[in-house]
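Single-letter residue listing:
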Amino acid sequence: MKLGKRWLPAHILVWTYAVLLIVPLYYFLASAFKSNEEIFAHPFALPKSFGFGNFRTAYDSADLGTAVVNSALVTGLALALTLLLALPAAFALARSTGRLASAMEKVFSLGFLVPTFAALFPTFLLAAATGLFHTRLFMVFFLPATAMPLSVVILVQFMRTIPREMEEAARMDGASTYTVLRHIYIPMCLPGIATVLLLNFLTFWNEYLYSLVIIGPDPEQRTVQVALPTLKAITGTDYGVLTAGTVLTLIPVWVVYTVLQKRMQQALINGAVKA
């Protein structure tokens, strides 16, 4: 009983936080099935019907099918390129002990200090100079560059927890550096890789500013974040349709999070135990 009373404030805080999350989520999902009149007249009431008219209107008006495919293509290729670059870099830094390796790790950490908007103009000039302006390909190359600092820092910390004896045993059996990375480090760093994938997926999928400037509003190439604002009309916005469109673009995020959440939770638990 004494222990239960001690935990009472914590339970109150947890349930308060849960309510603060659930109420806006309920309002958001309920609005996707309502008209403007229903939203403003009865914002927290259940929808009169659960028809999918708003979803069909949003899908057709903003051409969300093509936009989702574009976002999935850009995000998927950018994630693959990020891992292809970050894994070898993290492996090299994790197993190096010299001053140069320490300096390189600090250089990666400095990437956190660069504001996103600060690189917009140089990025625009680079896209124009390479002839990749208004193309999705440039975003595939650009997004991994923005993700490298976080990805390398996370993966380095995971790789440093792997005992050197495992690598030495593999070396004695004739394993190459690539074999050691592929068969020892990558399998043992799966929670860290899942964390990197999830965090970067959320960043890449929700990226708006650079997608708008570099890819542009072309319906054949634009991503979901650029397509959604087209649901806003000059004469007035149908918030039910806008909310329904937003729900459609969040479905892939929910699917990816559901798949990777266990690995990410394992990574957080392992980090807490080691700490």
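You'll find the structure just up there.
Just so it is clear, the structure is predicted and the values come from calculations on it, not from any experiment. (Residues numbered from 1 in each chain as written. Predicted model: local features only at pLDDT ≥ 70, side-chain atom pairs only at ≥ 80, totals over all residues. Heavy atoms only, no water.)

Chemist: Describe the overall build of the protein, naming the residues involved and giving the relevant values.
Modeler: Along the backbone of the protein there are 14 helices and zero strands. The N-to-C order of helical and strand elements in the protein reads α-α-α-α-α-α-α-α-α-α-α-α-α-α. The dimensions of the protein, computed from C-alpha atoms along their principal axes, are 70 × 70 × 35 Å. Expressed as a percentage of the 275 residues in the protein, the buried residues total 36%. Contacts in the protein between residues far apart in sequence, at least 24 positions, make up 72% of those at least 6 positions apart. For the protein, the accessible surface area stands at approximately 16,400 Å², while carbon and sulfur atoms represent 71% of it. Seen as two clouds, the 19 positive and the 13 negative side-chain charges of the protein have centres 13 Å apart. (Helix = DSSP H or I, 4+ residues; strand = E, 2+ residues; numbered from the N terminus. Buried < 20%, exposed > 50% of the residue type's maximum accessible area, 1.4 Å probe, protein only. Contact = heavy atoms within 4.5 Å. Areas by Shrake-Rupley, 256 points an atom, 1.4 Å probe, with all protein chains shown as cover. Lys, Arg positive; Asp, Glu negative; His and termini not counted. Charge placed at Lys NZ, Arg CZ, Asp CG, Glu CD.)

Chemist: I'd like a description of unusual backbone geometry, backed by residues and values.
Modeler: Residue aspartate 63 is not a glycine yet carries a positive backbone phi of 50°. Here aspartate 63 lies in the loop between helix 4 (53–61) and helix 5 (64–94). Owing to a relative accessible area of 28%, aspartate 63 belongs among the partly exposed residues under this scheme. The phi dihedral of histidine 134 falls on the positive side, at around 65°, and the residue is not glycine. Summarising the element assignment, histidine 134 is placed in the loop between helix 7 (120–130) and helix 8 (136–159). Among the residues examined, histidine 134 registers a relative accessible area of 40% and is labelled partly exposed.

Chemist: Could you give me a rundown of the side chain of threonine 249, with the residues and numbers involved?
Modeler: If you trace the backbone, threonine 249 turns up in helix 14 (residues 239–274). Exposure remark for threonine 249: the relative accessible area of 2% places this residue in the buried category.

Chemist: Give a detailed account of the nonpolar core, specifying residues and quantitative values.
Modeler: Ranked by size, the top nonpolar core spans 27 residues in total, and within it Leu64, Met139, Phe142, Leu143, Phe204 and Leu231 carry the most contacts. Of all the secondary-structure elements, those providing two or more residues to this core are helix 5, helix 8, helix 11 (190–205), helix 12 (209–215), helix 13 (224–227) and helix 14. Counting residues per element, this core draws most heavily on helix 8, at six residues. Leaving out residues up to four positions away in the same chain, phenylalanine 204 has contacts with Thr75, Ala78, Leu79, Thr82, Leu143, Pro144, Thr146 and Ala147. Counting residues in hydrophobic clusters, the runner-up holds 26 residues, among them Leu93, Ala170, Ile184 and Val196. (Core = buried A, V, L, I, M, F, W, Y, C linked by side-chain atoms within 4.5 Å.)

Chemist: Describe empty space enclosed by the protein, and please don't skip the residues or the numbers.
Modeler: One pass over the structure, following the stated rule, counts one cavity of 30 Å³ or more. Quantified by volume, the largest cavity comes out at close to 50 Å³. Every residue lining the largest cavity is listed: Ser71, Val74, Thr75, Met139, Leu143, Phe204, Trp205, Glu207, Ser211, Ile215 and Thr223. Within the residue set of the lining of the largest cavity, elements represented by two or more residues are helix 5, helix 8, helix 11 and helix 12. Top element by residues in the lining of the largest cavity is helix 5. It accounts for three residues. Looking at the lining of the largest cavity residue by residue, the classes come out as six nonpolar, four polar and one charged. (1 Å grid on protein atoms, 1.4 Å probe; cavity = no way out; pocket = protein on both sides within 12 Å on 5 of 7 lines; lining within 4 Å. Points joined across faces, edges and corners; volume = space filled by probe spheres on them. Nonpolar A, V, L, I, M, F, W, Y, C, P; charged D, E, K, R; others polar.)

Chemist: Go over the layout of surface pockets with me, naming the residues and quoting the values.
Modeler: In this approach, a probe sized like a water molecule rolls over the atoms, and the result shows the empty space that is left. The computed volume of the largest pocket comes to approximately 500 Å³. Every residue lining the largest pocket is counted, 19 residues in all, and those nearest its centre are Val114, Thr116, Ala145, Thr146 and Ala147. Counting residues per element, the lining of the largest pocket draws most heavily on helix 8, at seven residues. In the lining of the largest pocket, the residues fall into 13 nonpolar, five polar and one charged. Of the volumes computed, that of the second largest pocket is approximately 250 Å³. Lining the second largest pocket are Leu25, Phe28, Leu29, Val247, Leu250, Ile251, Val253 and Trp254. Elements that contribute at least two residues to the lining of the second largest pocket include exactly helix 2 (8–31) and helix 14. The greatest single-element share of the lining of the second largest pocket, amounting to five residues, is contributed by helix 14. Looking at side-chain class alone, the lining of the second largest pocket contains eight nonpolar, no polar and no charged residues.

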